[in-house]
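So the chains spell out like this:
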Amino acid sequence: MKTLVINCGSSSLKYQLIDMETEKSLVQGLVERIGIEGSILTQKVEGKDKYIIKENMPNHKVAIEHVLKALINKDHNIIQSMDEIGAVGHRVVHGGEKYSHSVVIDDEVLESIKECSSLAPLHNPPNIIGIEVCRELMPNTPMVAVFDTAFHQTMPKESYICPLPYELYEKYGIRKYGFHGTSHMYVSQKVAEVMEKDIKDLKIVTCHLGNGCSLAAVKGGKSIDTSMGFTPLAGVMMGTRSGSIDPSVISYLMEVHGYEINDINEILNKKSGVLGISGISSDFRDVLEEAENGNERAKLALNIFHYKVRAQIAAYAGIMGGVDAIVFTAGIGENSSVTRKECLKGLEFLGFEIDDERNSVRGKIQEISTDNSKVKVYEIPTNEELMIARDTVKLISNI
Ligand code: AMP
């Protein structure tokens, strides 16, 4: 069966068509600038020229119509008609406490995803639009929602309850939810497979280091803690996000220096992290280059990033009573050997040794620890789309 995976953002949309018999991705596409002047769709197929549509796409409906047109375009010759799409899997950021697993979408499910929107006002609304438009354009195709929060629903109370008045949890759902769950689940399962071990016997720390960064403690195949929290702002420092800071900074800036809450949100989400400290960029490649050139603020930004990740790895090894494998994934984790090495510096006491030659490999499954290491360290490219497609096929085969 060919499964379409949709990841709808506020002004962008990523998609893949995956042949689930071979688990091969047939097409990868990206629509950018939806609702903004200069909309563009770029579709890639291995061994062929890119297929590009530059047309006004004022909303997600028009964008998804173009996606369907691109999928049946003659040059790429992937599918002849939309009927060949057996199912659609949608990435949904927040499933609240209701969804600890993926779910087949019907009217009731759609309603409860809408109810979770207040918890993720930036993320869930575009996900919902993507679902609604696909249901309108493909009314007979089964659809499944796969939640970023679902994998972390196994966390025990001591890791997800915030030390605030308990009624804030009961009344408003304020707790740690965690994000990037599909990625943490994929790489933890993959590393167990590569190590030829039963995941039930493993303690794994997964480090998803991309534009957003989060770590998870995965014990026996279950997430028992993760660094993002009520929102994806918490945890380690990121490209533009602060990660966890003393919350009093907010009232101080507002009361003493007259900042408005919108300014604060903008600072914490878009102007902090590696960008905020370096003053250069949120893109690690730029900051790494500047640090190489001797820029002190670039060096400081990277040092703080490494320190935060290192501390989080150590904490998770601690709460699990040890660690069998540490996994790096996502844009930075898969590509930057320097970042991996620096994030692990000083943690050798856990029982690993890094092999520099192995660590120089980029973007593929690779053990980067030496054969003698008791604790194994890996880089594993994440594949959230495949995970979404797998869940989609599994669920619709039960309908
Ligand atoms: P993602 O959100 O997973 O797409 O990751 C995006 C991040 O990966 C950006 O900060 C990029 O700078 C970073 N990245 C991509 N390639 C490299 C690389 N070769 N070295 C360092 N960082 C990289």
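For the structure, see preceding data.
None of these values were measured; they are calculated from a predicted model.

About the cut-offs
Residues numbered from 1 in each chain as written. Predicted model: local features only at pLDDT ≥ 70, side-chain atom pairs only at ≥ 80, totals over all residues. Heavy atoms only, no water. Helix = DSSP H or I, 4+ residues; strand = E, 2+ residues; numbered from the N terminus. Buried < 20%, exposed > 50% of the residue type's maximum accessible area, 1.4 Å probe, protein only. Contact = heavy atoms within 4.5 Å. Areas by Shrake-Rupley, 256 points an atom, 1.4 Å probe, with all protein chains shown as cover. Pairing = 2+ DSSP bridges. Axes fitted to C-alpha atoms, helices over the stretch in contact; angles between N-to-C directions. Polar contact = N/O pair within 3.5 Å; in protein donor to acceptor, adjacent residues only side chain to side chain.

Q: Teacher, can you tell me more about the overall build of the chain here?
A: The number of helices and strands found in the chain is 15 helices and 14 strands. Of all 399 residues assigned to the chain, the portion counted as buried reaches 51%. For the chain, long-range pairs separated by at least 24 residues make up 60% of all intrachain contacts whose partners lie at least 6 apart in sequence. Of the roughly 18,800 Å² that the chain leaves accessible, carbon and sulfur atoms contribute 49%.

Q: Would you explain the sheet that holds strand E12 (residues 325–329) in this entry?
A: The strands making up a sheet associate through hydrogen bonds between their backbones, and the pairing can be parallel or antiparallel. Strand order in the open sheet formed by six strands is E11-E10-E9-E12-E14-E13, and the pairing between neighbours is mixed. With partners counted over all chains shown, the strands left at the sheet margins are strand E11 (222–226) and strand E13 (366–367), one partner each. In this structure, E13 lies alongside strand E14 (residues 376–379), joined through two bridges in antiparallel fashion. By the bridge assignment, glutamate 367 is partnered in E14 with tyrosine 378. Contacts between helix H6 (residues 181–195) and the sheet are confined to strand E9 (203–209), strand E10 (213–219), E11, E12 and E14, with E9 contributing the most and set at about 130° to the helix. Taken strand by strand, helix H13 (residues 337–344) contacts E12 and E14, and its axis lies near 145° from that of E12.

Q: Would you mind showing me how to read the environment of serine 373 here?
A: Inspection of the secondary structure assignment puts serine 373 in the loop between E13 and E14. Here the alpha-carbon distance between serine 373 and aspartate 355, two residues 18 residues apart in the chain, equals 9.8 Å. If we skip the residues at most four places from it in the chain, serine 373 touches Gly351, Phe352 and Glu353. Within the structure, the side chain of serine 373 is placed 2.9 Å from the backbone nitrogen of glutamate 353, a separation counted as a polar contact.

Taken by themselves, the reported measurements are silent on function.
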